[in-house]
Amino acid sequence: MTMQMRFTFRSRPNLTCCPVKHQSGYGTVAEQPRCGDRDEAVVPRCEIRVVNGYDIIGDVHGCATKLAQLLGDLGYTPDDTGAYRHPERQAVFVGDLIDRGDEQLRVLDIAKRMVDNGTAQIVMGNHEFNAIAYHTEHPQRSGEYLRARCAKNQAQHQEFLDQVTGEQRERYIEWFKALPLWLDLGELRIVHACWHEESMRIVERELGSNRFKTTDHLVRASAKGQPLYEAVEVLLKGPEISLVDRGQPAYLDKDGNRRTQARLRWWKEGATTLRDLAEMGGTLTTEGGARYPELPDIQVPADERSFVYTDPVPVFYGHYWRMGTPEHLMDWTAHTACVDFSAVRGGTLTAYRWSPGESRIRRENYVPHTADVVAQNPSG
Ligand SMILES: [Mn+2]
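1. Here's the deal with the sheet that holds strand β17 (residues 315-317)
In sheet architecture, strand pairing relies on hydrogen bonds along the backbone and comes in two forms, parallel and antiparallel.
Alright, step 1. The mixed open sheet is built from four strands, whose spatial order is β10-β11-β17-β18. A strand with exactly one partner marks an edge of an open sheet, and here the two such strands are β10 (182-184) and β18 (336-338). Recorded for the sheet is a direction-independent mean angle of 15 degrees between the axes of neighbouring strands.
Alright, step 2. Here β10 runs beside strand β11 (residues 189-191); their pairing, made up of three bridges, is antiparallel. Following the sheet pairing, Leu-183 is matched in β11 by Ile-190.

Now the structure itself:
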């Protein structure tokens, strides 16, 4: 069941009963909650609201102070329900609200309140997906969870386990399950890691929409080798490209794990060679501890390049732990923009301010969290 609606361009305010989520261009809007889905005690019953642009916010990872300040920088203020609200714009979270940072409960409160009140939308990140799987017991295998509770997985999730407990944990895990895996807002697109039509068609075929609805969906999305698993991996973690299949050495990642595949730069339009397509951080080493050598400029066959995004519609994503300031062809291209600038690892919580009619990414539309920028450049 796909519940998608088409809107035509509206230049007048849109009178509705609920806080409205529509978009100002041509295109589809994903399934939205209706009045009956809400706690009516805290939602104004009727209001006039027009959405005139989106502010896409990068991975927050529990940095609530930065988030509140960034929302302030963008002109959002708490309304009488406590939800941050902009008079005419809507925020969009790219997922990964949780893990690592030390204010996760407050981040969840801010984001869910905004989504419930129609002042923000959100897509699922791999950390929300992992959290769901970590907390979902396999329906046929008692005591076994969809994400193994091994030391590595527990360590990645420990701050959440410590900070979000009891009923709050249950409530937020249930909320995560309902989050869409991508948003197609017509003139712009949002996904956590990679916009890939083929993977999205698999998800729609398997789930009937862009959301999980049953435990069976989650079971199949957690089972390696299942088409649903592979599709969700691409959308939430991004595609990879094999190095060893091309005679290149394995490398050690940040946590010391041996890796034979590199992240594939699906955003890099026109990339055709291994050197261009494989994302290798400058500090990675081979298994022997030497600095990882520069990859050769060998051509990658077209079928393996099918992840590379070539549509003319801007797509916004997070996930990739970018550092520094947004750099052309690394962090953004004409039609792709990463908004994850490593807020929880000493980077900058970052938003992209998109307005109707903008069909190309502009560097100047990035809005970094001001206090981070000041902290990183104390001399001015
Ligand atoms: Mn992330």
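2. So, the sheet that holds strand β19 (residues 350-354)
Alright, step 1. Here we have five strands laid out as an open sheet, ordered β9-β8-β5-β19-β20, and mixed in their pairing. Only two strands of the sheet have a single partner each, and these edge strands are β9 (120-122) and β20 (366-368). Put simply, the sheet's adjacent strands are angled 25 degrees from each other on average, direction ignored.
Alright, step 2. Pairing between β19 and β20: three bridges, direction antiparallel. Along β20, the bridge assignment pairs Tyr-352 with Tyr-366.
Alright, step 3. On the sheet, helix α2 (residues 104-116) packs against β8 (90-93) and β9 and is oriented at approximately 110 degrees with respect to β9.

3. Let's talk about the confidence of the model for the protein
Alright, step 1. Residues of the protein with pLDDT of at least 70 account for 86%, and the chain-wide mean is 88.
Alright, step 2. Every residue in residues 1-46 scores below 50 in pLDDT, and together they form 77 contacts with partners more than four places removed in sequence or on other chains.

4. Some remarks on the packing of helix α3 (residues 126-134) against helix α5 (residues 166-177)
Alright, step 1. Where α3 contacts α5, the axes come no closer than 9 Å and their chain directions differ by 120 degrees. Classified by the interaxial angle, the pair formed by α3 and α5 is oblique. Of the two possible hands of crossing, α3 and α5 adopt the one that is left-handed. Contacts from Glu-128, Ala-131 and Ile-132 of α3 reach α5 at Ile-173, Phe-176 and Lys-177.
Alright, step 2. In terms of residue class, the contact of α3 with α5 is made up of four nonpolar, no polar and two charged.

5. So, the pairing of strand β5 (residues 54-57)
Alright, step 1. Here β5 shows two buried faces, one formed by Tyr-54 and Ile-56 and the other by Asp-55 and Ile-57.
Alright, step 2. Direction of pairing for β5 relative to β8: parallel, over a ladder of four bridges. Paired with Tyr-54 across the strands is Gln-90, a residue of β8.

Scoring rules and cut-offs
- Residues numbered from 1 in each chain as written.
- Predicted model: local features only at pLDDT ≥ 70, side-chain atom pairs only at ≥ 80, totals over all residues.
- Pairing = 2+ DSSP bridges.
- Helix = DSSP H or I, 4+ residues; strand = E, 2+ residues; numbered from the N terminus.
- Axes fitted to C-alpha atoms, helices over the stretch in contact; angles between N-to-C directions.
- Contact = placed C-beta atoms within 7 Å.
- pLDDT = per-residue confidence, 0-100.
- Parallel < 35°, antiparallel > 145°, perpendicular 65-115°, else oblique.
- Left-handed = near helix turned anticlockwise from the far one by under 90°.
- Nonpolar A, V, L, I, M, F, W, Y, C, P; charged D, E, K, R; others polar.
- Buried ≥ 20, exposed ≤ 12 C-beta atoms within 10 Å, placed from the backbone.

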